[in-house]
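# Close look at the chain arrangement
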Amino acid sequence: MRASAFSPACRFPYGRHSRRSLTVPGDAHRAAKMAMKDILKADDIKKAIDAFKAADTFDHKKFFEMVGLKTKSADDLKKVFLALDVDNSGFIEEEELKFVLKGFATGGRDLTDKETKAFLHAADKDGDGKIGMEEFAALVRE
Ligand SMILES: [Ca+2]
Ligand SMILES: [Ca+2]
């Protein structure tokens, strides 16, 4: 009796609410993306993107150094990680890694399959096929 009295009143607002809340990760992501520009210098990003323009030349160590990520605080690294974790899964998966340069600059190229696999292999210490926050931070500081 109680439940049936509740459900008609609850259903409608809940339906709307859950639909609206689906847009929240996207908004959070957009905020994180803005953080990328706040954390790193646009000039450094451009130089780093340009340095690895040619296919199969990507070197994550040099890249992290060039964009100035190596010397950033753990908090800043976390923000960058969140910006790169496009689907907010808590991990950077292989397909997100492929587009990692676009996370830094919209004009960034896609990594080749070879580069993506090498990058993933270097970062994925526990071998689960994706990069966690700690793995990312460790890789940047390597
Ligand atoms: Ca993800
Ligand atoms: Ca992993």
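Source: prediction; values computed, not measured. (Residues numbered from 1 in each chain as written. Chains lettered and ligands numbered in written order. Predicted model: local features only at pLDDT ≥ 70, side-chain atom pairs only at ≥ 80, totals over all residues.)

Let's shift gears to the nonpolar core. Formed by 26 residues in total, the largest nonpolar core has its most connected members in Phe63, Val67, Leu69, Val80, Leu84, Leu111 and Phe136. If you list the elements that add at least two residues to this core, you get helix H3 (42-51), helix H4 (60-66), helix H5 (74-84), helix H7 (100-104) and helix H9 (133-141). Every residue in contact with leucine 111, bar those within four places of it in the chain, is listed here: Phe58, Leu97, Lys98, Val100, Leu101, Thr116 and Phe119. (Core = buried A, V, L, I, M, F, W, Y, C linked by C-beta atoms within 7 Å. Buried ≥ 20, exposed ≤ 12 C-beta atoms within 10 Å, placed from the backbone. Helix = DSSP H or I, 4+ residues; strand = E, 2+ residues; numbered from the N terminus. Contact = placed C-beta atoms within 7 Å.)

Per the UniProt entry, the sites bearing "binding site: Ca(2+) 2" (unreviewed entry) are Phe91 in this numbering. Leaving out residues up to four positions away in the same chain, phenylalanine 91 has contacts with Asp85, Lys130, Ile131 and Gly132. (UniProt positions renumbered as here; feature names shortened; annotations may be inferred.)

The next thing to look at is the environment of leucine 82. Note that leucine 82 resides in helix H5. Note on leucine 82: 19 C-beta atoms within 10 Å, which makes it partly exposed. For the pair leucine 82 and methionine 133, spaced 51 residues apart in sequence, the C-alpha separation works out to 8.5 Å.

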